[in-house]
Structure formats: C-alpha cells, structure tokens
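Coordinate analysis (summary)
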Number of protein chains: 2
Amino acid sequence: MKHERPKISDVARIAGVSTATVSRAISSPDRVSVETRAAVQAAIDSTGYRLNHAARNLRRRRTGGIVALVPNLANPFFSQILSGIASVLGPAGYNLLVADTETAGADSLLDYAEPSRADGLIVLDGRLSADALRGRVPLVEACEWVPGLAAPRIRIDNLAAAELAIGHLHDLGHRRIGHVTGPRGNVLTESRLTGTRAALAARHLVLTDDAIYSGDFSIESGQAVADTWLGQPATSRPTALFFASDAMACGFIGEVQHRGLSVPRDVSVVGFDDIELVAHISPPLTTIRQPRTDIGRRAAERLLAKIVGDPVDEDTILPVELVVRASTCRVGRTG
Amino acid sequence: MKHERPKISDVARIAGVSTATVSRAISSPDRVSVETRAAVQAAIDSTGYRLNHAARNLRRRRTGGIVALVPNLANPFFSQILSGIASVLGPAGYNLLVADTETAGADSLLDYAEPSRADGLIVLDGRLSADALRGRVPLVEACEWVPGLAAPRIRIDNLAAAELAIGHLHDLGHRRIGHVTGPRGNVLTESRLTGTRAALAARHLVLTDDAIYSGDFSIESGQAVADTWLGQPATSRPTALFFASDAMACGFIGEVQHRGLSVPRDVSVVGFDDIELVAHISPPLTTIRQPRTDIGRRAAERLLAKIVGDPVDEDTILPVELVVRASTCRVGRTG
DNA sequence: ACCTGATATGTAATCGGTTGCAAGATGATT
DNA sequence: AATCATCTTGCAACCGATTACATATCAGGT
C-alpha cells in the first residue's frame, strides 16, 4: 500500500486511456463512450483517486470560492444570512469563505476581493470602501450597501418598514413616538431614521431631537437608552419607541423591567429584525420581520448569475412584515 | 491599458530579473539583495501585480484554507465560535471555509475533508462519521466530538457543568430537580444527562424518568417541554429544571409565563451556554457560561500547530462557570 | 595568488489537471 | 465507391507560480 496520492495519470494508466480522457470522463461524461467511462470509474474506485482542486482551478482560471464579508460574525443576525448563502452555494459547487471585517485588516480585505482567491464576493458591510471593491471581482451587496458602489443589491425597504412600525404605534393612539438608531453613518441607520421621520410627518408629527436616541444595534446600547429615557420626565418622554434592532429593544426592555416599569403598559416597543428569540421573551416583541435566510439565498443566486454573465437586476427589495406581538398596546391603557 | 492580469513573468521582465527572483522577493525577502528587492517591489507596484493563489497552492501542495463543519450555521451559538476561529485563521494567512452539515450532503462533506480543498478541518458536529473523517486531513474537534475519532478536542467539562447547576439548585433547597436534554444521540446530550444523574446521586437524589424531558436544543422544544411540565401534577413535578441549552430554557420560560406562572417563583430554571441575550430577558437567566470565542480560538490554534507538525495535546478542557442571575431562587419562596 | 564559504541570481523541472487540435473509426449519404 | 459528418480518443501545450540545482561574484584567510 503506497501512500502517495494517486493522480490523474495513475488513473489513466490503470484504465488504459490518456489523462485527457480521464479528465473528460470526470467533467463531461457525455463526451466519452460508455465503456471508457466505466473503465475510468473502475480505475478511480480502485485507486481512491480524488482530483486536485488547485490544479483544476489554475487551469480553469477560477477558484470555486465565494467570499462573504461580514461585519461581525458573532452577530446572530448575520449567521442566518450566511446560512441562506451556504444553502445555495454548496449545491452549486462553490465554497463559502467567510471573512470578518472586524478582525481582518483593510489590506487583507483587498486580498479577498481577488480573482485568484474568489470568483465572487458578497458584501454585507456598508462601511467598506467603494474604491477598494470596484472593478475586481463580481460582487453583490446584501442588507447593507456601500454608497457609490454600482452593484446588485438585495435589501429590504427600510422606509416602508419604518412606515409600518410608526403606523402601528400611531394606530394605537401614540403621539409621542421616539426612535432608537443604529450607529451613525450606517446606511441602515440613516434610512430607518429617515423613514421614521417621514412616517411621522405624514401624520403631522415631528421627531424632536430628544426623541432620537442613538444606539449601535447592540444590547448594551439598548440598555443605555433605557437609562436616558427613564431620566426624561414621564409627562413629555415618548410613550412608544421604535428600535432599529431587536437587540437594542431587548436591552431596553430588560432594563426598564429591572427598574420596575412594565412593557407595554409604561412604554410600547417595536423592534427590527425578528431574530428568533424575541418571539419568546416576555412580553413577546412586536417587530419588523426581515426574511434573513431569503436575503442570503437571493444574494447568492444573484451572484452566481452574475458570474456566468446572465443579466441581473441591479436592485432587489424584499418585503418586510410587521409582526404584532405583546410589546405594544394602546397608549395610556392600564394593565 | 491592457486588461490581462500581470503574471510573475511580467514583473520579472520589468524588474530585469528572473521569475525565481521575483518569487523569492515576495516570499522570502531576506534571500534577495536590497536593491533587487526594491526593483521588484517597484515593478509590482507599477504593474499592479497580485499573485495567483491557485498556482502557488498547486506548487506548494497546500490550499491555504481551513474548513469548519458546522451543524447549523443559523445557530448563534456557532457563529460566535466561528468568530473565534476567524480571528486566529485570518492573521495566520488561512481562509476560513464554512460548510453547513445540514445543507451539505454526506459526499460533499467528504469533499471538504480533502487535502486539495483544505489544509485542515475543524469539526463542530458530533454526528459525522468517524470513518469518513479518519486519515484524511489534520483535524480538531470543538464542542462536540465524534466518538471513536482520535483527534485533539477542545471542549468543556460537561460533567462539571452539570455538577455546578445541580449543586446550585440543591443549595437553594430544591429536591425535585428535572433535566431537559438535547437531541438523543448527541454527545453533549449524553454527557450532560450523565452529569446531572451523577450530581443528583451524589446528593442522594435520583433522576426519575418523568423528570427527564427530551428536547433538541431548540426554542420550540423548550416550549413543548413547558407543556409537558405544566401537565404534570404540581405536587410532584420538579420545582427546578436544568436545561441543556439556553434556547430551550428561553422557550420554556416564555411559555410558562404566557400561561400565567412565574419564574423563578413557580419553577427555577438553569440554562446552558450563556448566549448573549439571556442576561437581558426577564428574569435574567441563571446559566452555565461556555467560553465560546475562546473555544474557537483554541481550536484554530491547535489545528495550526498540528498542521506544522508541532506536538499537540490530545484533549483540552476549558473551564465553565455558573452565572447566577434571577431565574433561580429558594424552593417554595413566595414572591 | 589560490582556496573557501557565503550570498545572490538564473535555469528549468515541476505541481496536477484541462483543452485546442488532429487523427482514426464509424456510419450515413449520394 | 467516394464523401462527409459525428463520435472518441490521444498528443502536447498550458495555467502561474515555486524551488532544487547550478553558476557567478565577492570577501576574507593563508
């Protein structure tokens, strides 16, 4: 028993054909006669041959890999999108490479956007530089996007989402409605803030500065917002808050409950994302549902289409949905 | 402006040296004179040359990639481990490839455990077949493990964890203590169940069948357990439950609260994992903390060491910690 | 002046497949 | 019987780097 990996020439010798034929038997079986195909297959089985991807990729001038650039791998929001991406890429014969833009340096990101490393790129982080990405490999953006980069985008309608949330709160009689933002500069933060403002304006309400709370999507920042909100006079502070992420809404709810107030009696809360857990906390969170797996799936499909050169829509906006649970109620209702 | 990617020979020609020298200037700069190095660098800059990884990998007989086999990418528990893995692999010059063992077929998993695809493997799923993985590429296991596979493992002490949880509940006066398991057959399920049994036995208690609830780590299964538990007579059912995952504990708590009972007044709950959110729900969950990022980091370091041939410990057990929050209290306490 | 060892560079084989081109075989068409 | 299209297969160049080996240069020692 020898320990060398069998190569295509070993298979060829044993099957009594040329390496070209073995290669064809593997990658385009119909170009080879049935008998030869069987002989090659037998030789492959008997040698335990497995082809060398580096060699194939070199010759084919492709890599078989797609890179996903994720802002923060530890965030469950992204893991579900990755799951959608993986479910498409795997069956299509591509590997999914993930890179965390937090831990990777700027230059190593350049390395990823490189034809010899990956055949395509899925960008999930809007903070990256458009110049660094432009004109390198086929790419699509999902969820977030880089302003000024012309690439197909898979995203949700953040303005419509804000309209749903604010409409819901307004319908419940709330008139003092606040908004808790994500980190400044983030494209999602801006569009959700803009949407909130517009939805309020459509109802002849204004979003005053003291009703805008700045967070960063994290649980802790939601907790901090609770502190700010609790410090405002009960007679003038918002009776309802629309959060730009579920995580912040959770942090907020946890903290106000800890301080002895009740949600939704004392304040109504609408989140954003519908991450899995929030349906099961007390009170179950009213929130905007994003089709996360679907976003990932679509992004991957779009990218594959772009790689083979099919024409692709430049922008896809997936629908969001308001999921009404128990963290919102009519204003002033007792109990 | 030509559109062909410059190759190493282009750089060599412009720098007035041979390709061998360019190659050396790139990968072992100290073997090249200062002047030549500068000339090569200038040529690289002027051409915008980037090396072709497929070619390098082919020649070096390596791939520069490490595959992580994850049971379920959408699960936040794993995303944090991946984050730890990525933080080590990136700086070490390796790509992280992730494969979801749910979506990938069994044969495509074989493809991943392949020297031409990856230089190493991190297995996070204990359900895989030992035979399929044995003797292919260097691998380590993290969290879960495949029985019968001789590979370095990074894991936590599940028995000690159960001892901590049960000890805590016992100290609070609980005597009827139940356990909610993960899916049958999972190695973590078994060791946590065994640990629970042992910890109870050490306190002269037995774990009866009706105090063992079978779940599958998911939120929904925790919800289902609530149903079962609520159906048992209040005088004989457990007054405290130790869950094999936080997700199940959350599902359980949500459901019993929904049915009008209170945690911890009516039942004390201990979770497992300490996922980020559970510190912020009501009541904040008492749970076993697993050092997730650290597990990922260690697994990656161990694998890299194994790849370069350093001797590695076969087994690493990381400490767990009981985090006492508000979901547990003395038995029978009112309020 | 000659030898030795270190340093710097070039030559060419090599990694393991893929594929354009050509040739031989087979069957159908006129 | 000659011609042509189709199907199968082999030959050999090629993908773009790395590296063993050979060669050239130069400093220092005797």
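Here the residue index of a chain counts from 1 through its sequence in written order. In the order they appear in the text, chains get letters beginning with A and ligands get numbers beginning with 1. Under the rules for a predicted model, residues below a pLDDT of 70 receive no local features and side-chain atom pairs below 80 are neither given nor counted, while totals for whole chains, interfaces and linings still include all residues. Here the side-chain values reflect all heavy atoms present in the structure, with hydrogen atoms and water set aside.

- In the annotation of an unreviewed UniProt entry, chain A is listed under the name LacI family transcriptional regulator and assigned to Albidovulum denitrificans.

**Thoughts on the overall build of chain A**
- Strands are runs of DSSP state E lasting at least two residues, helices are runs of H or I lasting at least four, and both sets are numbered from the N terminus onward. Along its length, chain A carries twelve helices and twelve strands.
- With C-alpha atoms as the basis for the radius of gyration, the globule rule is written as 2.2 Å multiplied by the number of residues raised to the power 0.38. In terms of overall dimensions, chain A is more spread out than a globule: its C-alpha atoms have a radius of gyration of 26 Å, far above the 20 Å expected for 335 residues.
- Along the three orthogonal principal directions, the C-alpha set of chain A runs to about 90 × 40 × 35 Å.
- Here chain A holds 335 residues, and 55% of them are scored as buried.
- By sequence separation, contacts in chain A at least 24 residues apart represent 70% of the contacts at least 6 residues apart. Three exposure classes are used, based on accessible area relative to the maximum for each residue type with a 1.4 Å probe and protein chains only: buried under 20%, partly exposed in between, and exposed over 50%. When checking whether two residues touch, look at their non-hydrogen atoms; a contact exists if any pair is within 4.5 Å.

**Describing the relation of the copies chain A and chain B**
- Alignment of the copies relies on least squares applied to C-alpha atoms, considering only residues that score at least 70 for pLDDT in both. Least-squares fitting of chain A to chain B yields an RMSD of 0.1 Å, with the superposition described by an axial translation of 0.1 Å and a rotation of 180°. In short, the pair behaves as if placed about a two-fold rotation axis.
- An overlap of 100% is found between the interface residues of chain A and their copies at the interface of chain B, pointing to a shared contact surface.

**Here's the deal with the environment of A142 of chain A**
Residue and element names in this part refer to chain A.
- Counting through the fold element by element, A142 comes out in strand β4 (residues 139–142).
- Taking the C-alpha atoms as reference points, A142 and A39, 103 residues apart in sequence, are found 46 Å from one another.
- Setting aside chain neighbours within four positions, we find A142 in contact with V123, L124, I154, I295 and A299.

**Observations regarding the sheet that holds strand β7 (residues 212–214) of chain A**
Residue and element names in this part refer to chain A.
- With mixed pairing, six strands are arranged side by side in an open sheet as β7-β6-β8-β9-β10-β12. Each of the sheet's edge strands pairs with one partner strand only, and the pair in question is β7 and β12 (321–323). On average, each strand axis in the sheet is inclined to that of its neighbour by 20°, with strand direction left out of account.
- Relative to strand β8 (residues 240–243), strand β6 (residues 177–181) runs parallel, the two sharing four bridges. Bridge pairing in β8 places I177 opposite A240.
- Note on definitions: angles span 0 to 180 degrees between N-to-C directions of axes, and those axes are lines fitted to C-alpha atoms, for helices only across the stretch in contact. Helix α11 (residues 246–258) rests against β6, β8, β9 (268–273) and β10 (286–289) of the sheet, and its axis sits at about 150° to β9. Any two strands are treated as partners once DSSP identifies two or more bridges connecting them.

**Section: the nonpolar core**
- Among the buried residues, those of types Ala, Val, Leu, Ile, Met, Phe, Trp, Tyr and Cys that are joined through side-chain atoms within 4.5 Å form a nonpolar core. Ranked by size, the top nonpolar core spans 94 residues in total, and within it L82, L96 and I122 of chain A together with L82 and L96 of chain B carry the most contacts.
- W229, M248 and I253 of chain A together with V225 of chain B belong to the second largest nonpolar core, which has 48 residues in total.

**Observations regarding helix α10 (residues 219–231) of chain A**
All names here are of chain A.
- Any helix carries an expected span of 1.5 Å times its number of residues minus one. Under the 1.5 Å per step criterion, the end-to-end length of α10 is 19 Å for 13 residues, consistent within 8% with the ideal 18 Å.
- Regarding α10, the residues found buried are I219, S221, G222, V225, A226 and W229. In an axial view of α10, the angular spread of the buried residues amounts to 155°, which keeps them on one side of the axis.
- Against the buried residues of α10 lie β6, β7, β8 and α11. Within this analysis, the arc is defined by the directions that extend from the helix axis to the C-beta atoms.

**Side note on the protein's contact with DNA strand D**
- Around DNA strand D, the structure places 28 residues, and the nearest of them are T21 and T36 of chain A together with I8, S23 and R59 of chain B.
- Here a residue is near a molecule or strand as soon as one of its heavy atoms is found within 4 Å of it. Here, DNA strand D places atoms within 4 Å of the protein, and 65% of those atoms are sugar or phosphate.
- Between R24 of chain A and DNA strand D, the recorded distance is 2.8 Å, taken from a side-chain N or O atom to a base nitrogen.
- One of the side-chain nitrogen or oxygen atoms of K7 of chain B is found 3.0 Å away from a phosphate oxygen of DNA strand D.
- For the surface near DNA strand D, the elements supplying multiple residues, two or more each, are α2 (19–27) and α4 (53–60) of chain A together with α2 (19–27) and α4 (53–60) of chain B.
- Here the surface near DNA strand D takes five residues from α4 of chain B, the largest share from any one element.
- Here the surface near DNA strand D is built from residues that sort into ten nonpolar, seven polar and eleven charged. Here a polar contact is taken to be a pair of N or O atoms separated by no more than 3.5 Å, where protein atoms must pair a possible hydrogen donor with a possible acceptor and residues adjacent in sequence count only if both atoms sit in side chains. Any residue outside Ala, Val, Leu, Ile, Met, Phe, Trp, Tyr, Cys, Pro, Asp, Glu, Lys and Arg is labelled polar, Gly included; the first ten of those are nonpolar and the last four are charged.

**Brief notes about the protein's contact with DNA strand C**
- Residues in contact with DNA strand C amount to 25 residues; listed here are only the nearest, I8, S23 and R56 of chain A together with T21 and T36 of chain B.
- Restricting attention to atoms of DNA strand C within 4 Å of the protein, one finds that 62% of them are sugar or phosphate atoms.
- Residue S33 of chain B places a main-chain N or O atom 3.0 Å away from a phosphate oxygen belonging to DNA strand C.
- For DNA strand C, a phosphate oxygen lies 3.2 Å from a polar atom in the side chain of R61 of chain B.
- Those elements that provide at least two residues to the surface near DNA strand C are α2 and α4 of chain A together with α2 and α4 of chain B.
- The biggest single contributor to the surface near DNA strand C is α4 of chain A, with four residues.
- When the residues that make up the surface near DNA strand C are grouped by side-chain class, the tally is nine nonpolar, seven polar and nine charged.

**Here's the deal with the packing of helix α5 (residues 76–89) of chain B against helix α12 (residues 292–307) of chain B**
Residue and element names in this part refer to chain B.
- Viewed as axis vectors pointing N to C, α5 and α12 meet at an angle of 40°, and their least axial separation amounts to 7 Å. When the interaxial angle is binned, α5 and α12 end up oblique. As for the relative orientation of α5 and α12, their crossing is right-handed in sense. Across the interface between the two elements, F77, Q80, I81, G84, I85, S87, V88 and L89 of α5 pack against R292, T293, G296, R297, A300, E301 and L304 of α12.
- Residue classes in the contact of α5 with α12 are distributed as seven nonpolar, five polar and three charged. Angle categories: roughly parallel below 35 degrees, roughly antiparallel above 145, roughly perpendicular from 65 to 115, and oblique for all the rest. A clockwise turn of the near helix away from the far one marks a right-handed crossing, whereas an anticlockwise turn of less than a right angle marks a left-handed crossing.

**What about the pairing of β9 of chain A?**
Residues and elements named next belong to chain A.
- For β9, the tally of buried residues reaches six of six residues, placing the bulk of the element in the interior.
- Across three bridges, β8 lies against β9 in parallel orientation. When the sheet's bridge partners are listed, F242 is paired in β9 with V270.
- With its strands directed away from the observer, a crossover is right-handed exactly when the path from the first strand over the helix to the second travels clockwise. For the crossover from β8 across α11 to β9, the handedness is right-handed.

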